[in-house]
Amino acid sequence: MTFQPTPFFTPILPDNAPFSSEQRAWLNGFLAAMLSPGGGAPISLSPEQAAAYLAPGGDAAPQAEADDGAPWHDPSLPMEERMKLAEGKPLRRRMMAAMAQQDCGQCGTNCEDYSAAIAAGREERLNLCQPGGKETLRMLKKLAAELDSAAAPVVEAKPASTAAPGHSREHPVPAIFRGRRRLNCGISAKETWHVEFELPEGVTYKAGDSFGVVPENDSDLVGAIMLRLGLAADTRDGERLVRDVLIHDKALGAAPDALFMLLAESVSDPDAKTRLARMAEGDDVDGDLDTVDVLAALEKFPAVMPDADAFLSALDSLQPRLYSISSSPKAQAGRLSLTVDAVRYDVGARTRLGCASTFLGGRLEEGASVPVYIQAAHGFRLPEEGSVPIVMVGPGTGIAPFRAFLQERLASSASGGAWLFFGHQHRDSDFFYEDELSGLQSAGALSRLSLAWSRDNNARTYVQDKMREEGAELFAWLEKGAHFYVCGDAKRMAADVEHALLAVVEEHGKRDAAAAKAYVAALKAGGRYQADVY
Ligand SMILES: Cc1cc2nc3c(=O)[nH]c(=O)nc-3n(C[C@H](O)[C@H](O)[C@H](O)COP(=O)(O)OP(=O)(O)OC[C@H]3O[C@@H](n4cnc5c(N)ncnc54)[C@H](O)[C@@H]3O)c2cc1C
Ligand SMILES: NC(=O)c1ccc[n+]([C@@H]2O[C@H](COP(=O)([O-])OP(=O)(O)OC[C@H]3O[C@@H](n4cnc5c(N)ncnc54)[C@H](OP(=O)(O)O)[C@@H]3O)[C@@H](O)[C@H]2O)c1
């Protein structure tokens with residue numbers, strides 16, 4: 001729509017609405033025309049209403065957002081700092097700052113679109129940002145109160161997912177588990193599995209996509225919870241067994257605030273009541289809040305015995321988990337593989353199990369059917385032309401999508417070079433896919449392999465150390481037009497890799513810090529720097 005602002009209108013936007021003076025003048029005119037067609041006095045909007053009115057689809061929103069630069073969109077920043085950076089911004093931007101900033105796809109989209117959907121009333125679920133966990137959920141609940149208190153100006157019906165079955169978290173389809181093999185040999189501190197699935201007909205994927213798995217909880221953990229609650233194995237919740245509800249539908253990891261609230265309501269001891277109420281607010285009263293899962297919360301307050309119904313209602317729903325697909329459909333049609341690190345760690349006398357990773361790396365039996373979906377990559381793709389070189393940095397399970405990329409480049413006889421930086425703790429035990437990588441090297445699909453073993457020597461060597469060591473060559477590859485990819489740990493590794501790249505550009509590109517930053521920013525803006533981090 002083209003709109004010519006007229007000088008004859010009453011300003012509608014409040015002075016503190018987050019727009020420049022030009023934007024404000026234009027928008028005031030636009031809103032006056034839209035809201036007062038008959039020339040009556042226009043209604044005033046709160047900053048949030050104005051922002052939400054202009055939310056997705058509004059002509060001005062992308063401009064306003066492009067101007068704010070989303071400085072909080074950095075997974076290494078703590079929540080407090082992110083929220084500070086977003087202070088005074090429209091609700092959807094503050095909601096975005098509350099996300100974990102990984103654009104990981106776990107919520108079904110990215111941080112920006114998920115938060116905009118909540119702010120516009122198109123998404124009611126506040127608990128989809130898995131990496132953000134309880135911290136994000138708490139902040140979103142707080143921010144969502146602003147939505148409730150203002151008359152929400154744009155409340156659209158939730159659109160039905162248009163993705164084909166098996167292509168969104170809203171519509172998983174059954175796939176057959178075809179087995180696993182351990183990737184670590186000998187003695188390793190890690191337990192990493194190569195996992196294979198057979199896909200149902202019609203479910204397709206591209207190298208770079210992720211795989212959503214709807215896991216099941218460990219039945220021993222469910223048994224221990226039921227024992228603690230004094231529930232017999234055949235206790236029902238309506239039509240279903242409580243046991244089945246706990247295995248298939250409920251998150252049994254970090255105890256949710258609602259469970260602490262339920263326990264606080266049920267306990268009679270005043271000291272326990274106060275502690276529980278504070279824990280429900282995220283206050284770490286006993287210094288153990290990080291490790292209190294659902295069973296630990298029940299065990300911590302043994303005098304409380306909530307009934308099954310109230311207990312189930314206080315739990316969050318079990319969320320699917322994403323895994324980077326480690327195969328190319330060109331290598332084996334109808335099948336795919338994952339590279340999964342099984343999360344197991346001890347807290348006190350109990351070994352805690354990562355729900356999905358130990359399901360895939362242990363409990364799942366060959367031939368079993370599992371609900372799954374493909375989560376399309378958010379730009380994490382090979383260059384269209386096989387002649388364009390690629391540089392891949394993927395320590396640990398970060399190698400997963402690069403195995404897929406290399407299979408793809410082999411199948412399409414890509415002529416551009418491919419350079420992989422891989423690393424892990426020990427060369428002898430943690431060199432995943434060693435034989436395959438050597439085969440890919442012989443076949444010419446992998447032209448350069450740089451390895452970093454962090455625990456083979458006294459000084460830890462990480463992938464970013466190798467990048468610095470081989471910086472002159474790395475810079476030459478970038479100058480040749482190489483696309484740069486990083487996959488793996490979001491919190492520290494991905495940030496360290498970016499710092500190393502900046503240092504390489506500075507030293508070998510003979511640039512100062514600001515110019516190196518601009519060089520890397522241009523790579524990102526041109527789609528030549530892609531991250532798949534978690
Ligand atoms: C896009 C994307 C791609 C991914 N690709 C891969 C992949 O290729 N391979 C892969 O293995 N994973 C991958 N992940 C991570 C994966 O989705 C899961 O998060 C991971 O497997 C853990 O899930 P879980 O259900 O086993 O553990 P959960 O039950 O979710 O438990 C994990 C939680 O346990 C706690 N925890 C874990 N370890 C410890 C410890 N040592 N001490 C104390 N607390 C601890 C942390 O709070 C952690 O958040 C990816 C994630 C995303 C978003
Ligand atoms: N929350 C965390 O702190 C954290 C950290 C790493 C991984 N993870 C999670 O653990 C799971 C599996 O991890 P994984 O099997 O892929 O292996 P990983 O634990 O990521 O380790 C892979 C390799 O990366 C090294 N590494 C550690 N810190 C690094 C850094 N800052 N920069 C570069 N390399 C670094 C490790 O060295 P060392 O082990 O010798 O240090 C190891 O050699 C994933 O779910 C991941 O998100 C969590």
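The structure contained in this document is the topic of the report that follows. Note that this is a predicted model, so its numbers are computed, not measured. (Residues numbered from 1 in each chain as written. Chains lettered and ligands numbered in written order. Predicted model: local features only at pLDDT ≥ 70, side-chain atom pairs only at ≥ 80, totals over all residues. Heavy atoms only, no water.)

**Focus on the overall build of the protein**
Looking only at helices and strands, the protein has 21 helices and 15 strands in total. When burial is assessed residue by residue, the protein has 49% of its 534 residues classed as buried. Counted over contacts in the protein with a minimum sequence separation of 6, partners at least 24 positions apart contribute 70%. (Helix = DSSP H or I, 4+ residues; strand = E, 2+ residues; numbered from the N terminus. Buried < 20%, exposed > 50% of the residue type's maximum accessible area, 1.4 Å probe, protein only. Contact = heavy atoms within 4.5 Å.)

**Things to note about the site of ligand 1**
Near ligand 1 there are 20 residues, and of these L322, Y323, T339, A356 and S357 occur at the shortest range. D341 places a polar main-chain atom, nitrogen or oxygen, 2.9 Å from an oxygen atom of ligand 1. C355 is positioned with one of its backbone polar atoms (N or O) 2.9 Å from an oxygen atom of ligand 1. Relative to its free-state accessible area of 980 Å², ligand 1 is covered by the protein chains to the extent of 67%. For the shell around ligand 1, the secondary structure elements donating two or more residues are β6 (321-324), β7 (335-341) and α14 (355-363). With four residues, the top contributor of residues to the shell around ligand 1 is β6. (Near = heavy atom within 4 Å. Polar contact = N/O pair within 3.5 Å; in protein donor to acceptor, adjacent residues only side chain to side chain. Areas by Shrake-Rupley, 256 points an atom, 1.4 Å probe, with all protein chains shown as cover.)

**Digging into the nonpolar core**
Among the nonpolar cores identified, the biggest contains 36 residues, and I225, L246, L252, L259, F260, L263 and F311 are the most heavily contacted of them. Listing elements by their share of this core, those giving two or more residues are α8 (219-228), α9 (242-248), α10 (257-266), α11 (270-280), α12 (294-300) and α13 (308-314). In this structure L252 touches N217, L221, V222, I225, L246, D293, V294 and L315, once residues within four positions along its chain are discounted. (Core = buried A, V, L, I, M, F, W, Y, C linked by side-chain atoms within 4.5 Å.)

**A short note on the packing of aromatic side chains**
Any aromatic ring pair is given by two values, namely how distant the centres are and how the planes are angled relative to each other. For the coordinates displayed, the defined rule picks out 16 aromatic pairs. A network of ring pairs unites the aromatic residues F380, F402, F405 and Y485 as a single cluster. Of note, R180 hangs over the ring of W193, and the distance from its end group to the ring centre comes to 5.9 Å. (Phe/Tyr/Trp six-rings, centres within 6.5 Å; stacked < 30°, edge-to-face > 60°. Lys NZ or Arg CZ within 6 Å of the ring centre and 35° of its normal.)

**Let's talk about the site of ligand 2**
Near ligand 2 there are 17 residues, and of these T397, S454, R455, Y462 and D496 occur at the shortest range. Summarising the interface, the protein chains cover 77% of the accessible area of ligand 2, which totals 860 Å² for the free molecule.

**Looking at the environment of A518**
The topology assignment puts A518 in helix α21 (residues 513-525). Judged by its relative accessible area of 45%, A518 falls in the partly exposed class. Residues A518 and L502 lie 16 residues apart in sequence; the distance between their C-alpha atoms is 9.5 Å.

**Some thoughts on the packing of helix α15 (residues 400-411) against helix α17 (residues 434-442)**
Axis separation between α15 and α17 bottoms out at 11 Å; the angle between their running directions is 30°. In terms of crossing hand, the pair formed by α15 and α17 is left-handed. Between α15 and α17, the residues in contact are R403, L406, Q407 and L410 and E436, L437 and L440, respectively. Of the residues contributing to the contact of α15 with α17, the split by class is four nonpolar, one polar and two charged. (Axes fitted to C-alpha atoms, helices over the stretch in contact; angles between N-to-C directions. Left-handed = near helix turned anticlockwise from the far one by under 90°. Nonpolar A, V, L, I, M, F, W, Y, C, P; charged D, E, K, R; others polar.)

**Overview of α8**
Count 3.6 residues to each turn of an α-helix, and residues three or four apart come out pointing the same way. When α8 is considered as a whole, its buried residues turn out to be L221, V222, I225, M226 and R228. Looking straight down α8, one finds that the buried residues subtend no more than 160° of arc, so they occupy a single side. Residues D220 and L227 are exposed on α8 and point more than 90 degrees away from its buried face. Looking at the packing, one finds that the buried side of α8 touches α9, α12, α13 and β9 (350-353). Where α8 ends, the next residue or the one after it, G230, has phi of about 70°, a positive value. (Arc of directions from axis to C-beta.)

**Brief notes about the pattern of salt bridges**
Inspection of the entire model under this criterion finds 26 salt bridges. Note that R278 is salt-bridged to D283, the shortest N-O span being 2.8 Å. You can call D283 partly exposed: its relative accessible area is 31%. Connected through shared salt-bridge partners, D271, R275, D286, D288 and K300 make up one network. (Salt bridge = Lys/Arg side-chain N within 4 Å of Asp/Glu carboxyl O.)

Note that all results are geometric; they support no functional claim without further evidence.
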